[in-house]
Amino acid sequence: MSIRNGRQAISTSQARSAPTRRNAHPKSAVTRQRILDAAARTFSLKGYAATTINDIAMAAEMQGGSIYYYFESKDHILQEVLDVGITRVFSAVRAAVAAVPAQSAFSDKLKAAVTSHLTMLLQQGDYTSANIRVFEQAPAAVKRQNRKLRERYGKYWRRLLSSAQRSGEIRPEADVTVLRLMLLGAMNWAVTWYRPDRMLIATLAEKFCDIALRGVEGSDGGASHRRPARS
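None of these values were measured; they are calculated from a predicted model.

1. Quick look at the side chain of T31
Take T31: it is sitting in helix α2 (residues 26–46). Here T31 falls in the buried class, since its relative accessible area comes to 14%. Residues contacting T31, with those up to four places away along its chain left out, are M62 and Y70.

So, in structure tokens, the structure goes:
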């Protein structure tokens with residue numbers, strides 16, 4: 001390699017590493033976070049396809065071209081927003097369940113998990129709601145990466161429910177896979193209909209847990225509505 005080519009290689013290397021050095025600066029970290037916050041809010045409101053880099057820049061009060069100083073593309077921004085969303089929910093739920101005394105009934109642990117999940121989704125906001133609203137719209141590569149985190153979270157719920165089944169707190173014939181999917185699906189879609197002026201999150205969590213654990217069948221099991229046997 002000639003000296004000239006060597007200098008060119010060094011120059012190219014320095015140029016490639018420059019964004020990394022800039023993003024390591026505290027002010028850059030603050031700006032990067034502002035972009036992510038704006039993107040989460042915009043994705044949540046408009047969806048993936050309808051959101052442009054300029055939309056994100058406007059929400060972040062920046063020039064459109066400045067976004068590329070911190071992120072390579074809209075897909076890279078979306079990837080981070082989705083990953084942050086599921087990671088925050090998972091961490092909050094795990095911490096809430098861990099805070100319940102070990103000898104407590106499963107119903108207490110379930111209530112803690114459901115309340116935490118709903119709180120992160122409905123009150124802590126844009127990242128978690130964007131994860132629910134935008135995931136199916138995301139490019140395949142983004143979905144593949146985020147699905148790994150989703151699967152870890154799903155496994156956590158499976159372990160939680162399976163443990164309760166082994167201890168007899170969920171009946172042995174109950175399908176915990178269906179129960180897990182039903183619970184997560186119901187909680188996630190609450191983002192489309194929940195109104196805080198009509199119900200507290202804690203109240204909603206209690207109702208979810210009550211239906212999941214005790215069902216909806218009346219005390220007589222519907223016997224009063226069965227036709228009498230013919231003589």
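2. Side note on unusual backbone geometry
Of note in this structure, E61 is not a glycine but carries a positive phi near 60°. Position of E61 relative to the elements: it lies in the loop between α3 (53–59) and α4 (74–98).

3. Section: the confidence of the model for the protein chain
For the protein chain, mean pLDDT is 85; residues scoring 70 or higher make up 83% of the total. The low-confidence segment residues 1–22 (pLDDT under 50) makes 4 contacts with residues lying over four places distant or belonging to another chain.

4. Let's talk about a positive patch on the surface
A cluster of basic residues, R94, R144, R147, K148, R152, K155, R158 and R159, forms a positive patch at the surface. Broken down by element, the residue count for the positive patch peaks at 7 residues, all from helix α7 (residues 140–166). In this fold, R94 is placed in helix α4.

5. Here's the deal with the environment of K207
Within the secondary structure layout, K207 lies in helix α9 (residues 201–214). We classify K207 as partly exposed; its relative accessible area is 45%. C-alpha of K207 to C-alpha of K111: the two residues are 96 residues apart in sequence and 9.6 Å apart in space.

6. What to know about the layout of surface pockets
Put simply, the largest pocket is a space of about 440 Å³. Taken together, 19 residues form the lining of the largest pocket, with N131, I132, R150, L184 and N188 sitting closest to its centre. When contributions to the lining of the largest pocket are tallied by element, the ones reaching two or more residues are α4, α5 (106–122), α6 (126–134), α7 and α8 (176–189). Among the elements that take part in the lining of the largest pocket, α8 stands out by supplying 6 residues, more than any other. The computed volume of the second largest pocket comes to approximately 330 Å³. What lines the second largest pocket is simply E169, I170, R171, A174, D175, V178, L179, M182, I211, A212, L213 and G215. Looking at the lining of the second largest pocket, the elements with two or more residues in it are α8 and α9. Per-class residue counts for the lining of the second largest pocket are 8 nonpolar, 1 polar and 3 charged.

7. A short note on the pattern of salt bridges
One pass over the full model with this rule turns up 7 salt bridges. Residues E80 and R32 are paired through a salt bridge, measuring 2.9 Å at the closest nitrogen-oxygen approach. Taken as a pair, E80 in helix α4 and R32 in helix α2 lie far apart in primary sequence, 48 residues in all. By relative accessible area, which is 23% here, R32 ends up partly exposed. Residues E136 and K143 are paired through a salt bridge, measuring 3.8 Å at the closest nitrogen-oxygen approach. Here E136 falls in the exposed class, since its relative accessible area comes to 60%.

The rules we used
- Residues numbered from 1 in each chain as written.
- Predicted model: local features only at pLDDT ≥ 70, side-chain atom pairs only at ≥ 80, totals over all residues.
- Heavy atoms only, no water.
- Helix = DSSP H or I, 4+ residues; strand = E, 2+ residues; numbered from the N terminus.
- Buried < 20%, exposed > 50% of the residue type's maximum accessible area, 1.4 Å probe, protein only.
- Contact = heavy atoms within 4.5 Å.
- pLDDT = per-residue confidence, 0-100.
- Patch = residues over 30% accessible without salt bridge, like charges linked within 9 Å, V, L, I, M, F, W, Y side chains within 5 Å.
- Areas by Shrake-Rupley, 256 points an atom, 1.4 Å probe, with all protein chains shown as cover.
- Salt bridge = Lys/Arg side-chain N within 4 Å of Asp/Glu carboxyl O.
- Lys, Arg positive; Asp, Glu negative; His and termini not counted.
- Charge placed at Lys NZ, Arg CZ, Asp CG, Glu CD.
- 1 Å grid on protein atoms, 1.4 Å probe; cavity = no way out; pocket = protein on both sides within 12 Å on 5 of 7 lines; lining within 4 Å.
- Points joined across faces, edges and corners; volume = space filled by probe spheres on them.
- Nonpolar A, V, L, I, M, F, W, Y, C, P; charged D, E, K, R; others polar.

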